[in-house]
Amino acid sequence: MNTGLFRKMLLLITYAVALVVVIVKIDVILDWGAGVLLAFRPIFIGFAIAFILNRPCNFFARLYTRGLGKQGERFARPLAVVTAYVMLFAVVGVLLSLVVPELTRSIQRFVGNMNTYASNLQQVLDYITQRFSLENLAQLNLSSKINEILGNALKQVLNALTGTVPHLISATSTLVSAVVTTVISFVFSVYMLSGGPKLTAQCRRLVVAYLPESISTPLLDVVRLTADTFTKYVSGQLIEACILGSLCFVGMVALRFDYAPLISVIIGVSALIPVAGAYIGAVLAALLLAMISPVKAFWFLVFLAVLQQLEGNLIYPRVVGTSLGLPGIWVLAAVTVGSSLMGFVGLVVSVPITAVVYTILKQDLRRRLCEKEA
């Protein structure tokens, strides 16, 4: 029997058996894959932290290299890593010290004035009912509905407290696991950040050594493009969120809107979500203000629309720089598909991934057209 034919048949049979096993045991394989991903979660989180801090770390490394000279060049990278983490913890600490107390007061005020808000909403509902002759809405009593909702929530809390010990054990184990994962993730991020140039060079040598040039060169180009795109996107989104949240807080304080700290945080956090974030933040903030006064909610939406136009057209391009160069329809498609497939993670990473694919296709299309014209 021909040896080549026998090998092909054996390969085909092996492939068929493997395919049947995958189809029959798909649930087991998916569970195993989820377990593997869960085991690598600290590494993924550490890589994300190191990726975010890589640009400021490189900036501080260049400063220390120029300041220390050749004799202290070996200390530049460790000092830069320490400075980057000190800056991160300082920024987080300042934000928490400024935002958390105001958020607590705002939430307490909101809960304390719940009956007043229900009364205001009831008056608006009564006006709409009388103005448009809607008899069905006349039977709706918002105050009783809100009291019923709060009563049900209190009952659920009391029921949960009856099983305090099991819930406490579960919460404690979850908390311990989260703390351990966070610590390990930070340790991984320190190693990745401190040895970033060396790790990058080692990975590049592995790709060049074990892959043919026809594959290694395009692969390295794609990796470089992906890193640049994600760096530009993450830094841009973070800067935009900080600018928009700060401007919203200053404007709300100047115009004397209620819940300025709480709403500013909502607007800033929602700005991290592409496309849909602006609408989510506006709707949540308007609902909070509508409970106080629908007129204030309307004027806040006007203020927010003007602020977003000012920030998006004047401040953001000058501070952040050029965008990813992705057409609006592809941004919307990326957000829609990404959120459907991977939830919030897909909502965040779908835009830069689509930008990378779009850039690669555009470059390949231009190359092919040039080859045909030549």
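## Remarks on the confidence of the model for the protein
Low pLDDT means the predicted atomic positions in that stretch should not be read closely.
Right, on to step 1. Across the protein, the average pLDDT comes to 76, with 75% of residues at or above 70.
Right, on to step 2. Mean pLDDT across the elements of the protein bottoms out in helix α6 (residues 135-138) (53) and peaks in helix α9 (residues 196-210) (84).

## Focus on the pattern of salt bridges
Right, on to step 1. The full count for this structure, using the stated rule, is three salt bridges.
Right, on to step 2. The shortest N-O distance in the salt bridge between Asp364 and Arg367 comes to 2.6 Å. Taken together, the residues Asp364 and Arg367, both in helix α14 (residues 328-373) and three residues apart, mark about one turn of the helix.
Right, on to step 3. Taking relative accessible area as the criterion, Asp364 reaches 26% and is therefore assigned partly exposed.
Right, on to step 4. Residue Arg367 is classed as partly exposed on the basis of its relative accessible area, which comes to 40%.

## As for the nonpolar core
Generally speaking, nonpolar side chains in soluble globular proteins are found buried as a group.
Right, on to step 1. In this structure, Cys248, Met252, Ile263, Phe300 and Phe303 are the most contacted members of the largest nonpolar core, which totals 22 residues.
Right, on to step 2. Elements that contribute at least two residues to this core include exactly α10 (213-255), α11 (260-270), α12 (276-290) and α13 (294-319).
Right, on to step 3. Discounting residues that sit within four places of it in the chain, Phe303 has contacts with Leu247, Cys248, Gly251, Met252, Leu255 and Phe257.

## Details of a nonpolar patch on the surface
Right, on to step 1. Taken together, Leu12, Tyr15, Leu19, Val20, Ile23 and Val24 make up a surface patch of nonpolar side chains, about 640 Å² in accessible area.
Right, on to step 2. Inspection of the secondary structure puts Ile23 in helix α1 (residues 3-24).
Right, on to step 3. The exposure class assigned to Ile23 is exposed, which follows from its relative accessible area of 57%.

## Overview of the side chain of Ser216
Right, on to step 1. Looking at the element boundaries, Ser216 is found in helix α10.
Right, on to step 2. The residues contacting Ser216, other than those within four sequence positions of it, are Val207, Val208 and Leu211.

## Description of the packing of aromatic side chains
Both the distance between ring centres and the angle between the ring planes are used here to describe each pair of aromatic rings.
Right, on to step 1. This model, assessed by the stated rule, comprises 10 aromatic pairs.
Right, on to step 2. Within the aromatic cluster, the residues linked to one another by ring pairs are Tyr85, Phe89 and Phe186.

## What about the packing of helix α3 (residues 41-68) against α10?
Right, on to step 1. Viewed as axis vectors pointing N to C, α3 and α10 meet at an angle of 85°, and their least axial separation amounts to 10 Å. Considering the angle they form, α3 stands roughly perpendicular to α10. Here α3 contributes Phe51, Ile52 and Arg55 to the contact with α10, which in turn contributes Ala227, Phe230, Thr231, Val234, Ser235 and Leu238.
Right, on to step 2. A class-by-class count of the residues in the contact of α3 with α10 yields six nonpolar, two polar and one charged.

## Description of unusual backbone geometry
Right, on to step 1. Non-glycine residue Arg256 carries a positive phi angle of around 65°.
Right, on to step 2. Within the element layout of this structure, Arg256 appears in the loop between α10 and α11.
Right, on to step 3. Overall, Arg256 belongs to the exposed group, its relative accessible area being 71%.

## A few points about the packing of α10 against α11
Right, on to step 1. At their nearest, the axes of α10 and α11 sit 8 Å apart, and the two run at 155° to each other. What the angle tells us is that α10 and α11 run roughly antiparallel. By crossing handedness, the relation of α10 to α11 is classed as right-handed. Between α10, through Ala241, Leu244, Gly245, Cys248, Phe249, Met252 and Val253, and α11, the contact on the second element is made entirely by Ala260, Pro261, Ile263, Ser264, Ile267 and Gly268.
Right, on to step 2. Residue composition of the contact of α10 with α11, by class: 10 nonpolar, three polar and no charged.

## Observations regarding the side chain of Thr229
Right, on to step 1. Within the fold, Thr229 resides in helix α10.
Right, on to step 2. Of the residues examined, Thr229 reaches a relative accessible area of 8% and is grouped as buried.

Parameters and conventions
- Residues numbered from 1 in each chain as written.
- Predicted model: local features only at pLDDT ≥ 70, side-chain atom pairs only at ≥ 80, totals over all residues.
- Heavy atoms only, no water.
- pLDDT = per-residue confidence, 0-100.
- Helix = DSSP H or I, 4+ residues; strand = E, 2+ residues; numbered from the N terminus.
- Salt bridge = Lys/Arg side-chain N within 4 Å of Asp/Glu carboxyl O.
- Buried < 20%, exposed > 50% of the residue type's maximum accessible area, 1.4 Å probe, protein only.
- Core = buried A, V, L, I, M, F, W, Y, C linked by side-chain atoms within 4.5 Å.
- Contact = heavy atoms within 4.5 Å.
- Patch = residues over 30% accessible without salt bridge, like charges linked within 9 Å, V, L, I, M, F, W, Y side chains within 5 Å.
- Areas by Shrake-Rupley, 256 points an atom, 1.4 Å probe, with all protein chains shown as cover.
- Phe/Tyr/Trp six-rings, centres within 6.5 Å; stacked < 30°, edge-to-face > 60°.
- Axes fitted to C-alpha atoms, helices over the stretch in contact; angles between N-to-C directions.
- Parallel < 35°, antiparallel > 145°, perpendicular 65-115°, else oblique.
- Nonpolar A, V, L, I, M, F, W, Y, C, P; charged D, E, K, R; others polar.
- Left-handed = near helix turned anticlockwise from the far one by under 90°.

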